[in-house]
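# What the coordinates show
Listed below are the residues making up each chain.
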Amino acid sequence: MELRMVFIVCSLVVLSSLSSTCSQTVPPPTLSPTPAPAPAPAYVNLTDLLTVAGPFHTFLNYLQSTKVIDTFQNQANNTEEGVTIFVPKDDAFSSLKNPSLKNLTDDQLKSLLLFHAMPHYYSLAAFKNLSQLGPASTFAGGQYTLNFTDRMGNVHIETGWTSTKVSSSVHSTDPVAVYQVDKVLLPEAIFGTDIPPTAAPAPAPNDSPAADTPSGSTLKGSSPTSSPTSSSVRISMSRGIWNHLFLAISGGMMLFL
């Protein structure tokens with residue numbers, strides 16, 4: 001009987017301890033903080049860049065009026081290839097007389113602008129290798145290609161109609177490269193292959209006198225009174241006249257005698 005009571009008491013004690021343990025509040029699991037999303041890449045706004053970077057207003061106006069600026073911006077923002085743009089200065093357009101851009105159709109003008117960019121990012125150092133690969137494709141496609149040569153570290157561009165060089169780097173950070181050029185790039189696909197010859201530069205004036213020509217100072221300093229040769233001639237002539245006059249007088253006197 002006593003053993004039974006001890007067993008019951010022990011059972012009650014164990015049950016009460018279990019119930020108290022279960023009734024305690026279990027803390028919620030600790031969650032690690034969610035990392036913040038990566039910031040969106042900082043795209044280069046080509047319109048803002050060309051507005052403040054230099055005298056590129058004429059080129060930028062053409063890009064905006066033809067919507068070509070949207071093509072270049074989309075290539076810069078949404079592709080891994082990037083974009084390389086060659087931007088002529090304002091005076092390059094103002095000095096362009098023949099051929100003129102005024103007679104181009106809308107499609108031709110758009111192709112000319114697309115001709116000023118390539119669908120790939122190129123640093124200045126990359127043009128040395130590019131010059132060895134032959135003509136490079138542009139956004140205009142087809143026959144609209146550019147020829148590059150590297151001369152002592154300077155990048156030169158040939159189109160047939162245009163021969164110019166990269167004069168400065170406006171922006172060169174992958175995926176956008178913008179380089180300033182001194183001339184408008186004119187493609188043969190628009191203006192043809194009948195390229196007028198380039199006028200030869202005028203020869204430099206030669207101010208030094210030829211070896212067998214008297215110098216200006218000698219000519220200016222010469223005068224009848226200062227020239228020994230002219231003085232000798234005059235003396236000889238005077239002597240001859242007096243000799244003839246003396247002989248005439250002597251002959252006349254002999255007749256009267």
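Presented here is an overview of the structure given in this document. The model shown is predicted, which means the values in this text are computed figures rather than measured ones.

### Focus: the packing of helix α4 (residues 68–78) against helix α6 (residues 106–114)
At a minimum axis separation of 10 Å, α4 and α6 run at an interaxial angle of 30°. Handedness of the α4/α6 crossing: right-handed. Contacts from V68, T71 and F72 in α4 reach K110, L113 and L114 in α6. Considering only residue class, the contact of α4 with α6 consists of four nonpolar, one polar and one charged.

### Focus on the packing of aromatic side chains
Taken as a whole and assessed by the stated rule, the structure comprises 11 aromatic pairs. Considering the side-chain rings of Y62 and F93, the 5.7 Å spacing of their centres and the 45° angle between planes classify their relative orientation as tilted. Remark: F93 occurs in helix α5 (residues 90–94) and Y62 occurs in helix α3 (residues 57–66); sequence separation between them is 31 residues. Centre to centre, the rings of F127 and F148 are 5.0 Å apart; their planes meet at 45°, and the pair counts as tilted. Taken as a pair, F127 in helix α7 (residues 127–130) and F148 in strand β4 (residues 145–151) lie far apart in primary sequence, 21 residues in all. Ring pairing ties together the aromatic residues F86, Y122, F127, F148 and Y179, which thus form one cluster.

What counts and how
Residues numbered from 1 in each chain as written. Predicted model: local features only at pLDDT ≥ 70, side-chain atom pairs only at ≥ 80, totals over all residues. Heavy atoms only, no water. Axes fitted to C-alpha atoms, helices over the stretch in contact; angles between N-to-C directions. Helix = DSSP H or I, 4+ residues; strand = E, 2+ residues; numbered from the N terminus. Left-handed = near helix turned anticlockwise from the far one by under 90°. Contact = heavy atoms within 4.5 Å. Nonpolar A, V, L, I, M, F, W, Y, C, P; charged D, E, K, R; others polar. Phe/Tyr/Trp six-rings, centres within 6.5 Å; stacked < 30°, edge-to-face > 60°.

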